[in-house]
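Below, each chain spelled out in residue letters.
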Amino acid sequence: MNTTWANIKTITKRELAAYFSSPLAYVFIVIFLLLCGFFTFMVGGFFERGEASLVRPFFDWHPWFYLFLVPAVGMRLWAEERRVGTIELLLTMPITAWQAIVGKFLASWLFLALALVLTFPVVLTVNYLGSPDNGVILCGYVGSWLMAGAYLAISCMTSAMTRTQVVSFIIAVVLCLFLILAGFPPVINLLESWASPWLVDIISSFSVITHFDGFQKGVLDLRDVVFFGSIIGFSLFVTGVIIRGHRAG
Amino acid sequence: MINVHNLAKVFGTKRAVDGVSFSVERGEVLGFLGPNGAGKSTTMRMITGFIPPTAGTVSVGGFDIVANPIQAKRLVGYLPENAPAYTDMTVYGFLKFAAEIRGLKGDARNAAVNRVVEMCFLESVLHQSVETLSKGYRHRTCFAQSIIHDPDVLVLDEPTDGLDPNQKHEVRQLIRRMGQKKAIIFSTHILEEVDAVCSRAIIIDRGRIVANGTPQELRQKSDYAGAVTLRVSGVDAAGVTQRLSQLPGVKRTAIIREDAAGVTARVFPKGTANGELASRVGEAAQGWKIEELHTEEGRLDEVFRGITMPDTAVDKKVEEKQ
């Protein structure tokens, strides 16, 4: 057990260092913060609403930001290893494939956590202007991070499928887009016009938007946590299967 | 230390490795020879646990690579083909990572990194990014990674590929030195390396072992082994052939060069070679001016070609070239 964590930690440390040794990390963080700022204050109408809350103007945009930004973070995880051939080094080290998969995932997830934490000026602003419920805001952050984790696990899976980062990126975006659209109000409305309500319920229950909604309102529902957790678990499991498949020839 | 038994790997319909068995003990350096695509790298990947075998077993230090991969991998250092390394790290960072993932911590880790940096002459590029390294340095960085935990078993896939002659020499010295205490397998298609480094060599072709022995034994398989080469002047080719062919124990005589300065002939012995042929040829050459007379040791390259290209008449080809 001890060596398991030591191995995961070593992998995570290496991956994190790899992010910050390339421009990707800085570009990502700058774009993410710019997008957050612009959409919250300009498009989201933060000031016009006149309420001390981040639900609509801030968190509402996250599923859409992540759609493009998270696959960009996850696309290199395995594709690059396979392209350069370092996967042969990694998997002949005395570690299991699971430790490598979890270590890599954790590194990227921690990186996304850092990007989220850096949006703190938005929280300061709303606290300066009014007195929001900070519990609700914290809950929104937790949900946002979990959602990013789900996207990331999917990107991790698509990254293992290919040697080409761009291909991995595109497949991940398409899969994540499905997770959004399944609960996107205009799509739901369209579905309701012809499908029976139970079918619409099932489809929308696959959506990150449906499950993120609770977090935004400050409701920490176990079912929502399980939803994101199971997407992460399932995608990482499939990643393991894909990697084993490559090696079996 | 390494036991390979009936190892096979099938990719789709292609049998890349087909029933390979051998073992390597501590203190042995095994050269792995074969044409491109013969199954060398695939075999090595199975030994190091990168790909699972379709059939057969590999055990390293008594641990089966499929049943106990972690214990087996701990004992192995591996240099993959093309020496991959994380391009986004510095040499120092990469070696530190390799040491940590091998379970070395703190002082032990730093000592291990310092040791391999010294052994592989990496001081000058220690804080350079791997991406900016020349091929030789990158190769040595990956090699350093494979010996960082001082493993009992080393698997090196073309360790001298892409190095300049000096670096090749260094790496060979290193392998030979380490071979005294470790079990080493290395693949190459440079035959002189086999002589320089190996205590034993295996030739593999189309997934099967076609020859296995010391470099000396392999050379014995050559047609040239025991043949006597003679260079004389003052006589024509026909005269030389006539007189030499009548000697007892001679299978045939071939003229390999004839020019104004003289004639070079090669005399092949009947059956197994012995040292007498040279003296008999020497006696027969009485009256001619002998410029050169020696017994051939046999050539690895010719054995290699004879074994891996059985359909072509090797002997003829070699002679045509000369």
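Chains are numbered independently. Their residues run from 1 in the order of the written sequence. Chains carry letters from A onward and ligands carry numbers from 1 onward, assigned in written order. For a predicted model such as this one, the threshold for reporting local features is a pLDDT of at least 70, and the threshold for listing and counting side-chain atom pairs is 80 or more; totals across whole chains, interfaces and linings nevertheless cover every residue.

**Thoughts on the overall build of chain A**
The condition is simple: Helix and strand assignments come from DSSP, with helices taken as H or I runs of at least 4 residues and strands as E runs of at least 2, each series counted from the N terminus. The globule rule used for comparison is 2.2 Å times the number of residues to the exponent 0.38, while the radius of gyration itself is calculated over C-alpha atoms. With C-beta atoms placed from the backbone, a residue counts as buried when 20 or more other C-beta atoms lie within 10 Å of its own, as exposed when 12 or fewer do, and as partly exposed for counts between those limits.
When helices and strands are tallied, chain A shows 14 helices and zero strands. Counting helices and strands in the order they occur from the N terminus, chain A gives α-α-α-α-α-α-α-α-α-α-α-α-α-α. A compact globule built from 249 residues should have a C-alpha radius of gyration of about 18 Å, and chain A, at 19 Å, falls within 12% of that. For the C-alpha atoms alone, the extent of chain A along its principal axes is close to 60 × 45 × 35 Å. Taking all 249 residues of chain A together, the buried fraction comes to 41%.

**A few points about the sheet that holds strand 11 (residues 228-233) of chain B**
All names here are of chain B. Just so we agree on the cut-off: Criterion used throughout: strands pair if DSSP finds at least two bridges between them. Between the N-to-C directions of two axes lies an angle of 0 to 180 degrees, each axis being a line fitted to C-alpha atoms and, for a helix, fitted only over the stretch in contact. Residues are scored as being in contact if the C-beta atoms we place from backbone atoms lie within 7 Å.
If you trace the four strands from one edge of the open sheet to the other, you get 12-13-11-14, paired in antiparallel fashion. Either end of the sheet is taken by a strand with one partner, and the two such strands are strand 12 (250-259) and strand 14 (289-295). Recorded for the sheet is a direction-independent mean angle of 15° between the axes of neighbouring strands. Pairing of strand 12 with strand 13 (residues 262-269) involves eight bridges; the strand directions are antiparallel. Residue pairing for strand 13: Arg257 is matched across the bridge by Thr264. Against the sheet, helix 9 (residues 237-245) touches strand 11, strand 12 and strand 13, its axis set at about 165° to strand 12.

**Quick word on the confidence of the model for chain A**
Heads up, the rule is: On a scale of 0 to 100, pLDDT captures the predictor's confidence in every residue.
Residues with a pLDDT of 70 or more make up 99% of chain A, whose mean pLDDT is 89. Across chain A, helix 7 (residues 97-117) of chain A holds the top mean pLDDT of 95, while helix 3 (residues 46-49) of chain A sits lowest at 77.

**Some thoughts on the nonpolar core**
Test applied: Each nonpolar core consists of buried Ala, Val, Leu, Ile, Met, Phe, Trp, Tyr and Cys residues. Their C-beta atoms, within 7 Å, join them into a set.
Of all hydrophobic cores here, the largest spans 130 residues; its most connected members are Ala150, Leu152 and Ala153 of chain A together with Leu95 of chain B. Ranked by residue count, the leading element in this core is helix 9 (residues 134-161) of chain A, at 12 residues. If sequence neighbours within four positions are ignored, Leu152 of chain A has contacts with Val70, Val73, Gly74, Phe105, Ser108, Trp109 and Leu112 of chain A. The next biggest cluster of nonpolar side chains, apart from the first, holds 13 residues, and it includes Ala227, Leu230, Val263 and Ala265 of chain B.

**Re the environment of Val122 of chain A**
Here Val122 of chain A lies in helix 8 (residues 120-129). It is 8.4 Å that separates the C-alpha atoms of Val122 of chain A and Leu54 of chain A, two residues lying 68 residues apart in sequence.

**Some remarks on the interface of chain A and chain B**
The test is simple: Only Asp, Glu, Lys and Arg are considered charged, only Ala, Val, Leu, Ile, Met, Phe, Trp, Tyr, Cys and Pro nonpolar, and every remaining residue, Gly among them, polar.
Contacts between the two partners involve 21 residues from chain A and, on the opposite side, 24 residues from chain B. Listed by contribution, the elements that provide at least two residues to the side of chain A that touches chain B are helix 1 (2-21), helix 6 (86-90) and helix 14 (222-248) of chain A. Residue composition of the side of chain A that touches chain B, grouped by class: nine nonpolar, nine polar and three charged.

**Re helix 1 (residues 40-47) of chain B**
Here helix 1 of chain B lies mainly inside the structure; eight of its eight residues are buried. Backbone geometry just downstream of helix 1 of chain B places Gly49 of chain B in the positive-phi region, at approximately 85°.

**Topic: the sheet that holds strand 8 (residues 183-187) of chain B**
Working definition: the strands of a sheet are paired by backbone hydrogen bonds and lie parallel or antiparallel to each other. Residue and element names in this part refer to chain B. One open sheet accounts for six strands, arranged 6-7-8-3-9-10; its pairing is mixed. Every other strand in the sheet has two partners, leaving strand 6 (76-79) and strand 10 (208-213) as the edge strands with one partner each. When strand polarity is set aside, the average angle formed by the axes of neighbouring strands in this sheet is 15°. Bridging between strand 6 and strand 7 (residues 153-157) involves four bridges; their strand directions are parallel. When the sheet's bridge partners are listed, Gly77 is paired in strand 7 with Leu154. In the packing of helix 1 onto the sheet, the strands contacted are strand 3 (29-33), strand 7, strand 8 and strand 9 (200-205), and the crossing angle to strand 7 comes to about 150°. Contacting strand 3, strand 9 and strand 10, helix 11 (residues 300-308) runs over the sheet at an angle of about 35° to strand 9.

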